Amino acid sequence: MKIAMAQQAFDSVLVQLRSGRDEAAVFTFDSSLHERVGFTGDLGTLKGALSTFQGTLGALATPGAFNAQAATSSSPAILTATASSSAVAGTYTVSVTKLAQAQQLVSKPIVGDASAVVGTGTLKVSLGAASFNVNLTSANDTVAGLAAAINSATGNPGVTATVITGTDGAHLILSSTLTGAANSIQVAETDGGTALSALTYSTASTTNYIENTPAQDAAFSISGINHTSASNTVSDALSGVTLNLLATTAAGTGAGSSVNLTVANDTAAITTNIGAFVTAYNALESSIASLRSYDSTTHTAGPMLGDALLTGIQNEVRSVLYGLVNTGSAAYTSLASVGITTKSDGTLNFNSSKLQTALTAAPSAVSALFSGANGVAATLNTQLNADLASGGSIDSRSKTLVSKENALTDQTKQLDAQMAALTASLTQQYASLNTLLSKLQSTSAALTQQLSSLPVVQQKTG
C-alpha cells in the first residue's frame with residue numbers, strides 16, 4: 001500500500017512538472033504578447049500609408065498649385081523659358097538679334113614661352129566697376145607667374161588668365177566670366193613705372209591686346225518691344241517669365257525671324273499631381289484592406305479586423321472623397337466629374353482626358369474642388385494632420401500600446417521568476433520522492449525476502 005501511494009505521489013509531481021505553468025495564465029500572456037508585437041507594427045503600417053498619402057496633398061491643397069504656368073517656345077534651340085504663377089497667359093513673338101557675351105583679350109606675342117620675363121611692378125586689373133591689384137616681383141615676373149597671380153588674386157570679380165604659346169611667342173589670354181557690355185576688362189600700371197606698360201589695356205589704348213570677343217549685351221524684342229540685357233538669362237522683360245536666350249533669330253521679317261512664346265496654365269503638372277494623389281490613395285486603400293481582411297477559407301483574420309480606429313479613419317477619408325464641393329460650377333462638384341471614379345474594390349480610377357476637359361472648360365472650378373476651403377485635398381490635409389499629430393488618434397493608440405508593452409514586460413519578468421521558483425520546487429520534490437521511492441523499493445524487497453523465508457504452514461485435510 002505504501003509503495004502504491006508513493007508511486008501515485010511521484011506521478012502527480014511529474015504531471016505538474018510537465019505542465020510547466022497554469023494554462024489560463026499562459027493563454028493570457030501569449031495573447032497579450034501577440035498584441036504587443038503584432039499590432040504595434042500594424043499601426044505603424046497604417047501611419048506610414050497615411051503619411052505617404054498626405055504627402056501628395058500639398059501639391060493640391062492650395063490654390064497656388066493650380067495657378068502654375070508653363071512657357072513653351074516654338075524654337076527651343078533659340079530660346080527656352082520658364083513661367084511663375086504670376087505670369088499672364090498669352091502668346092508673344094520674340095526676336096533675338098544679339099546674345100550677351102563675355103569679353104576675351106589676347107595679348108601681342110611675348111618673345112619666348114610661358115617662362116618669359118615680363119618685368120616687375122603693380123598692375124590694376126578691372127572688370128566693370130570692380131578692380132584688384134596684382135604685384136609682380138622677381139619671384140613671379142614671368143608670363144606664367146602673372147597669369148597665376150591674376151587667378152589667385154584677392155577680390156578678383158571674374159577675370160581668368162591663361163597662357164598660350166604659339167610660333168610667334170607666348171600670349172596672355174584674359175577672359176571675363178561675366179557677360180554684358182559693362183563688364184569690360186582694363187589693365188593699368190599703377191606703380192609709376194613703365195616695366196609693365198606692354199601689358200596694359202583700356203578702351204582708349206588697345207594696342208597691346210586684340211579683342212577676340214567683345215563684351216556685349218543681349219539684344220532682343222518681345223512683341224516688337226526692344227530690350228537689352230547683360231545676361232542671356234532674362235527675368236525683367238516679360239512679367240513672371242524668365243527667358244533663356246541660346247541663339248539669334250534670322251534677320252528681317254521672314255521665316256525664322258522670330259520665335260513664338262506661349263504662356264498657358266500648366267495642365268501637365270496638375271495632371272501629374274492628381275495622378276500621384278490617386279496612386280497614393282490606392283496604396284492606402286490596399287494597406288487598409290490588408291489590415292482589416294478575413295480569409296474564410298483559412299479562417300485567418302487581418303491584424304486590425306473590426307478595429308474602430310481603422311474603420312473610423314477609412315470612413316473619414318471616404319466621406320471626403322465621395323462628397324460634393326461647392327466650386328461655383330454646377331458641372332464640376334465632385335471627383336467623379338473630373339474623371340476620378342471609384343472601382344468595386346474601393347480604389348480609384350483616373351481618367352486624365354476627362355480632367356483635361358475640365359481644366360480647359362473651368363480651371364477655377366477644378367482648383368476649388370481640390371484646394372478650396374471645403375476642397376477635397378484641403379479637407380483631407382486638415383483631417384490627416386489631426387490624425388497624425390501628437391495627441392491625435394494614432395498617437396494616442398500608440399501610447400496606449402506602449403503602456404501595455406511596459407506592463408507586459410513586467411508580467412514577463414514576474415512569470416519568469418514564478419517559473420524559476422516552480423522549477424526549483426518541483427525539482428526538489430522530484431529528488432525527495434525519488435529518494436523515498438528508492439527506500440520503499442528496498443523495504444519492499446526486504447519484506448518479500450523475509451516473507452519467503454517463513455515456514456509454510458500445512459493445512460490439515462479432513
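Residues numbered from 1 in each chain as written. Predicted model: local features only at pLDDT ≥ 70, side-chain atom pairs only at ≥ 80, totals over all residues. Heavy atoms only, no water.

Engineer: Any chance you could break down the overall build of the protein chain for me, citing the residues and the numbers?
Structural biologist: When helices and strands are counted, the protein chain shows nine helices and 19 strands. Taking the intrachain contacts of the protein chain between residues at least 6 apart in sequence as the baseline, contacts between residues at least 24 apart amount to 66%. Counting every atom, the protein chain has about 24500 Å² of accessible surface; 55% of that belongs to carbon and sulfur. (Helix = DSSP H or I, 4+ residues; strand = E, 2+ residues; numbered from the N terminus. Contact = heavy atoms within 4.5 Å. Areas by Shrake-Rupley, 256 points an atom, 1.4 Å probe, with all protein chains shown as cover.)

Engineer: Tell me about the confidence of the model for the protein chain, and please be specific about residues and values.
Structural biologist: Here the protein chain averages 86 in pLDDT, while 86% of its residues score no lower than 70. Contacts of residues 1-11 to residues separated by more than four positions or lying in other chains number eight contacts, the stretch itself having pLDDT below 50. The low-confidence segment residues 20-38, where pLDDT is below 50, has 18 contacts with residues more than four positions distant or belonging to other chains. (pLDDT = per-residue confidence, 0-100.)

Engineer: Account for the environment of Gln103, with residues named and values stated.
Structural biologist: Along the polypeptide, Gln103 turns up in the loop between β3 (90-98) and β4 (104-107). Given a relative accessible area of 3%, Gln103 falls into the buried group. Residues Gln103 and Thr213 lie 110 residues apart in sequence; the distance between their C-alpha atoms is 5.1 Å. Among residues more than four places away in sequence, those in contact with Gln103 are Leu174, Ser175, Ser176, Asn183, Ser184, Ile185, Tyr201, Glu211, Thr213, Pro214 and Ala215. (Buried < 20%, exposed > 50% of the residue type's maximum accessible area, 1.4 Å probe, protein only.)

Engineer: I'd love a proper account of the pattern of salt bridges, names of residues and values included.
Structural biologist: Side chains carrying opposite charge are able to pair once their charged atoms draw close together. Scanning the model with the defined rule gives one salt bridge in all. With its nearest N and O atoms 2.4 Å apart, the salt bridge here joins Glu285 to Arg318. Of this pair, Glu285 sits in helix α4 (residues 267-291) while Arg318 sits in helix α5 (residues 308-321), placing them 33 residues apart in sequence. Judged by its relative accessible area of 5%, Glu285 falls in the buried class. A relative accessible area of 22% places Arg318 in the partly exposed class. (Salt bridge = Lys/Arg side-chain N within 4 Å of Asp/Glu carboxyl O.)

Engineer: Now, about the sheet that holds strand β13 (residues 233-234): what can you tell me, with residues and values included?
Structural biologist: Strand order in the open sheet formed by three strands is β2-β14-β13, and the pairing between neighbours is antiparallel. Only two strands of the sheet have a single partner each, and these edge strands are β2 (79-83) and β13. (Pairing = 2+ DSSP bridges.)

Engineer: Please give an account of the nonpolar core that cites residues and values.
Structural biologist: Proteins that are soluble and globular tend to have nonpolar side chains buried together. Formed by 46 residues in total, the largest nonpolar core has its most connected members in Phe53, Phe277, Leu321, Phe370 and Leu380. Counting residues per element, the ones that place at least two in this core are α2 (23-55), α4, α5, α6 (352-361), α7 (363-371) and α8 (376-388). What Phe370 contacts, discounting residues up to four positions off in sequence, is Leu60, Ala61, Phe66, Ile274, Phe277, Leu335, Val338, Ile340, Gly375, Val376, Ala377 and Ala378. Core analysis: the second largest hydrophobic core is formed by 27 residues, Leu105, Ala116, Ala161 and Ala170 among them. (Core = buried A, V, L, I, M, F, W, Y, C linked by side-chain atoms within 4.5 Å.)

Engineer: Report on the pairing of β3, specifying residues and quantitative values.
Structural biologist: Pairing between β3 and strand β15 (residues 259-265): five bridges, direction antiparallel. Its bridge partner lying in β15, Tyr92 is registered against Leu261. As judged from the four bridges shared by β3 and strand β11 (residues 218-222), these two strands associate in the antiparallel manner. Counted as the bridge partner of Val96 is Phe220 from β11.

Engineer: Describe the side chain of Thr327, listing the residues and the values that go with them.
Structural biologist: By the element assignment, Thr327 lies in the loop between α5 and β18 (340-342). Using a relative accessible area of 12% as the deciding quantity, one classes Thr327 as buried. Separated by 3.3 Å, the side chain of Thr327 and the backbone oxygen of Ser329 make a polar contact. (Polar contact = N/O pair within 3.5 Å; in protein donor to acceptor, adjacent residues only side chain to side chain.)

Engineer: Tell me about the packing of α4 against α6, and please be specific about residues and values.
Structural biologist: Two elements in contact, α4 and α6, have axes separated by 11 Å at closest approach and are oriented at 135°. The angle between α4 and α6 places the two elements in the oblique class. Our pair here, α4 against α6, has a crossing hand that is right-handed. Of the residues in α6, those touching α4 at Thr267, Ile270, Thr271 and Ile274 are Ser352, Leu355, Gln356 and Leu359. (Axes fitted to C-alpha atoms, helices over the stretch in contact; angles between N-to-C directions. Parallel < 35°, antiparallel > 145°, perpendicular 65-115°, else oblique. Left-handed = near helix turned anticlockwise from the far one by under 90°.)

Engineer: Give a detailed account of the packing of aromatic side chains, specifying residues and quantitative values.
Structural biologist: Tallied over the full model, the rule gives five aromatic pairs. A centroid spacing of 5.6 Å and a plane angle of 35° characterise the contact between Phe53 and Phe277, whose relative ring orientation is tilted. Taken together, the residues Phe53 in helix α2 and Phe277 in helix α4 connect sequence positions 224 residues apart. Given a relative accessible area of 0%, Phe53 falls into the buried group. Each ring, one from Phe66 and one from Phe370, has its centre 5.9 Å from the other, and the planes form 25°; the classification is stacked. Pair noted here: Phe66 is in the loop between α2 and β1 (69-73) and Phe370 is in helix α7, with a separation of 304 residues, a long-range link. Classification of Phe66 as buried rests on a relative accessible area of 5%. One aromatic cluster in this structure is built from Phe53, Phe66, Phe277, Tyr281 and Phe370. (Phe/Tyr/Trp six-rings, centres within 6.5 Å; stacked < 30°, edge-to-face > 60°.)

Engineer: Outline the sheet that holds β1, supporting the account with residue identities and numerical values.
Structural biologist: Read from one edge to the other, the open sheet built from five strands follows the order β1-β15-β3-β11-β12, with strand pairing classed as antiparallel. Whereas interior strands pair on both sides, the edge strands pair on one side only; in this sheet they are β1 and β12 (225-229). Strand-to-strand, the axes of this sheet are offset by a mean angle of 25°, without reference to chain direction.

Engineer: Mind laying out the environment of Ser86, listing which residues take part and the relevant values?
Structural biologist: Secondary-structure assignment places Ser86 in the loop between β2 and β3. Separated by 17 residues in the primary sequence, Ser86 and Gln69 have C-alpha atoms spaced 8.0 Å apart. Here Ser84 takes part through its side chain, which lies 2.8 Å from a polar atom of the side chain of Ser86.

Engineer: Can you break down the pairing of strand β5 (residues 121-127) residue by residue, with the values?
Structural biologist: With respect to burial, β5 is a largely interior element, six of its seven residues being buried. Of the strand pairs in this sheet, β5 and strand β6 (residues 130-136) are connected by seven bridges, and their pairing is antiparallel. Paired with Leu127 across the two strands is Ala130, which belongs to β6. Between β5 and β6, which follow one another and run antiparallel, lie two residues, and Gly128 among them has a positive phi close to 65°. Where β5 meets strand β9 (residues 185-189), five bridges bridge the pair, whose relative direction is antiparallel. Pairing of Leu127 across the sheet is with Ile185, part of β9.

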